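Close look at the chain arrangement
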Amino acid sequence: MGSKVRLEDRECPLSTALGYVGEWWTLLILHDVFDGYTRFDQFQENLGISTSMLTARLRALVDDGLLEKRPYQQRPVRHEYVLTDLGRSLRPVLVALAAWGNSRLAPEQRSMVLVDAGTRREVEPVLVDAATGRRVDGDGFVFAAGPAASSAFRERYPEAAPGPAGDASGEGRTRVPPRS
C-alpha cells in the first residue's frame, strides 16, 4: 500500500482503501482486468501507459494481494495478471464509481453503461444494507466508532450500538489485510 496515508488516518477504512486503489492508473488497470485483460501489452496498448508506470502499478497490485502474477509463456517468460478474491471484491467499488460518473452526464453523453447481462438493459446500481435492503446513501446512515477505534476516532464519531446489523461473525466479508 502506498505511503500517502497520513499517520492519523491509518485506522480510517477509507484512507486504507485509498492506499490500495486511490491512484488513477491503479483503478484503470483494475477496470481493464474486470473487462478480461490479463497481459502487460494489453494494458499498455489499451491505457497508453508508460512501461515503467505500468510495471510499478502491476507490482503494487500484486504486492497488495489484488492481482496474482502467473506465467503463461516460458521462452521468454511472460506473465499474466489475474484477480485474487480480494481484487474481485473491488468490483462493486468500480461499478459505483462508474455509476457516479455517469450520473453527472445526460444519458446520450454516456460512453459506457452497466447492463444486465441477460436482458442487456441498463441498470442503476445502489448500495444497500444487507440486513434491511435500505439504501445507505442518505441521511439515515452515518459513520460511527467501531470496536477498534482510537480515542481520537471515538471523539469524532459516536459509538456504534453493540452487535452489527446482519452477520455478526463477519463470515462472507472480504478482509483487507493490514499493511505497515
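Everything discussed here concerns the structure shown above.
Quick caveat, the model's predicted, so the values are computed rather than measured.

**Considerations on the overall build of the protein**
- Looking only at helices and strands, the protein has seven helices and two strands in total.
- The 180 residues of the protein split such that 22% are buried.
- Taking contacts inside the protein between residues at least 6 apart in sequence as the whole, the part at least 24 apart equals 36%.
- Looking at the protein as shown, the accessible area adds up to about 13000 Å², and 54% of this sits on carbon and sulfur atoms.

**Section: the packing of aromatic side chains**
- One pass over the full model with this rule turns up three aromatic pairs.
- Chaining the aromatic ring pairs together yields one cluster made of Phe143, Phe153 and Tyr157.
- In this structure, Arg39 is placed above the aromatic ring of Tyr72, and the distance from its NZ or CZ to the ring centre is 3.6 Å.

**Points about the pairing of strand β2 (residues 78–83)**
- When strand β1 (residues 67–73) meets β2, the two strands line up antiparallel, connected through six bridges. If you follow Pro71 over to β2, its bridge partner there is His79.
- Linking β1 to β2, which pair antiparallel, is a turn of four residues.

**A closer look at the side chain of Thr26**
- Its place among the elements puts Thr26 in helix α2 (residues 24–34).
- Judged by its relative accessible area of 3%, Thr26 is buried.
- Contacts of Thr26, omitting those with residues within four sequence positions, involve Tyr20, Val21, Arg57 and Leu61.

**A look at the packing of α2 against helix α3 (residues 40–47)**
- At a minimum axis separation of 11 Å, α2 and α3 run at an interaxial angle of 115°. Of the two possible hands of crossing, α2 and α3 adopt the one that is right-handed. Here Trp25, Leu28, Ile29, Asp32 and Val33 of α2 come into contact with α3, specifically with Phe43, Asn46 and Leu47.
- The class makeup of the residues in the contact of α2 with α3 is six nonpolar, one polar and one charged.

**Things to note about unusual backbone geometry**
- The step from Arg75 to Pro76 runs through a cis peptide bond, and the omega angle for that step is -10°.
- Following the sequence through the fold, Pro76 ends up in the loop between β1 and β2.
- In this structure, Arg120 is a non-glycine residue whose phi angle is positive, near 65°.
- Summarising the element assignment, Arg120 is placed in the loop between α6 (91–103) and α7 (151–156).

**Points about the nonpolar core**
- Counting residues in each nonpolar core, the largest one holds 18 residues, and the members touching the most others are Ile29, Leu30, Phe43, Leu58, Leu66 and Leu67.
- Elements supplying a minimum of two residues to this core: α1 (13–21), α2, α3, α4 (51–63) and β2.
- Listed in part, the five residues of the second largest apolar core include Ala145, Ala149, Phe153 and Tyr157.

**Side note on the environment of Cys12**
- Summarising the element assignment, Cys12 is placed in the segment before α1.
- Sequence separation between Cys12 and Phe153 is 141 residues, and the spatial gap between their C-alpha atoms is 8.6 Å.

**A closer look at α1**
- Among the residues of α1, Ser15, Gly19, Tyr20 and Val21 are the ones counted as buried.
- On the buried face of α1, the contacting elements are α2.

About the cut-offs
Residues numbered from 1 in each chain as written. Predicted model: local features only at pLDDT ≥ 70, side-chain atom pairs only at ≥ 80, totals over all residues. Heavy atoms only, no water. Helix = DSSP H or I, 4+ residues; strand = E, 2+ residues; numbered from the N terminus. Buried < 20%, exposed > 50% of the residue type's maximum accessible area, 1.4 Å probe, protein only. Contact = heavy atoms within 4.5 Å. Areas by Shrake-Rupley, 256 points an atom, 1.4 Å probe, with all protein chains shown as cover. Phe/Tyr/Trp six-rings, centres within 6.5 Å; stacked < 30°, edge-to-face > 60°. Lys NZ or Arg CZ within 6 Å of the ring centre and 35° of its normal. Pairing = 2+ DSSP bridges. Axes fitted to C-alpha atoms, helices over the stretch in contact; angles between N-to-C directions. Left-handed = near helix turned anticlockwise from the far one by under 90°. Nonpolar A, V, L, I, M, F, W, Y, C, P; charged D, E, K, R; others polar. Core = buried A, V, L, I, M, F, W, Y, C linked by side-chain atoms within 4.5 Å.

So far we have only geometry, and geometry alone does not tell us how the molecule works.
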